[in-house]
Amino acid sequence: MTIQSHDMELIDFLHNELLLPFGDIEIALRKHQFNQEPLAMLLWQYGLVNLDQLERLLDWQENQF
């Protein structure tokens, strides 16, 4: 799996700000790559982030563009 620079920023945010383990991030990234669902929704659907974290992630993503 190739990781682009904007993906690395997202991974850094998920790990450093939301305190997600790299293993959880990797699982979500693989699911995202396989079925092209929004990563934030995958993290929430699999219970890897709670609603507060999901909101922070969506806010962060909105401010990146």
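In what follows, the accompanying structure is described. As the structure is a computational prediction, the values presented were derived from the model and not from experiment.

**So, the nonpolar core**
One broad rule of soluble globular proteins: the nonpolar side chains tend to lie buried together.
Phase 1 of the analysis: Ranked by size, the top nonpolar core spans 17 residues in total, and within it Leu14, Leu18, Leu20, Leu39, Leu43 and Leu57 carry the most contacts.
Phase 2 of the analysis: For this core, the leading source of residues is helix 1 (residues 5-17), giving four residues.

**Brief notes about helix 2 (residues 22-35)**
Phase 1 of the analysis: Look at helix 2: 20 Å from first C-alpha to last across 14 residues, which is about the 20 Å you get at 1.5 Å a residue.
Phase 2 of the analysis: Phi for Gln36, located one or two positions after helix 2, is positive at around 55°.

**Brief notes about unusual backbone geometry**
Phase 1 of the analysis: For Leu19, which is not glycine, the phi torsion reads 60° and is therefore positive.
Phase 2 of the analysis: Tracing the sequence through the fold places Leu19 in the loop between helix 1 and helix 2.
Phase 3 of the analysis: Positive phi outside glycine occurs at Gln36, with the angle close to 55°.
Phase 4 of the analysis: Residue placement: Gln36 occurs in the loop between helix 2 and helix 3 (39-45).

**Focus on the packing of aromatic side chains**
Phase 1 of the analysis: Evaluation of the coordinates by the stated rule reveals one aromatic pair.
Phase 2 of the analysis: Consider the rings of Phe13 and Trp60, whose centres lie 4.9 Å apart with planes at 15°: the pair is stacked. Here Phe13 is found in helix 1, whereas its partner Trp60 is found in helix 4 (residues 51-64), with 47 residues between them in sequence.
Phase 3 of the analysis: You can call Trp60 buried: its relative accessible area is 19%.

**Some details on the pattern of salt bridges**
Phase 1 of the analysis: If you walk through the whole model with that rule in mind, you get two salt bridges.
Phase 2 of the analysis: Measuring nitrogen to oxygen at the nearest pair gives 3.6 Å for the salt bridge that ties Glu17 to Arg56. On the criterion of sequence distance, the pair formed by Glu17 in helix 1 and Arg56 in helix 4 is long-range, its members being 39 residues apart.
Phase 3 of the analysis: When the shortest N-O distance is used, the salt bridge between Glu26 and Arg30 registers 2.6 Å. With Glu26 and Arg30 both in helix 2 and four residues apart, the pair spans about one turn of that helix.
Phase 4 of the analysis: What makes Glu26 partly exposed here is its relative accessible area of 36%.

How each quantity is defined
Residues numbered from 1 in each chain as written. Predicted model: local features only at pLDDT ≥ 70, side-chain atom pairs only at ≥ 80, totals over all residues. Heavy atoms only, no water. Core = buried A, V, L, I, M, F, W, Y, C linked by side-chain atoms within 4.5 Å. Buried < 20%, exposed > 50% of the residue type's maximum accessible area, 1.4 Å probe, protein only. Helix = DSSP H or I, 4+ residues; strand = E, 2+ residues; numbered from the N terminus. Expected span 1.5 Å × (residues − 1). Phe/Tyr/Trp six-rings, centres within 6.5 Å; stacked < 30°, edge-to-face > 60°. Salt bridge = Lys/Arg side-chain N within 4 Å of Asp/Glu carboxyl O.

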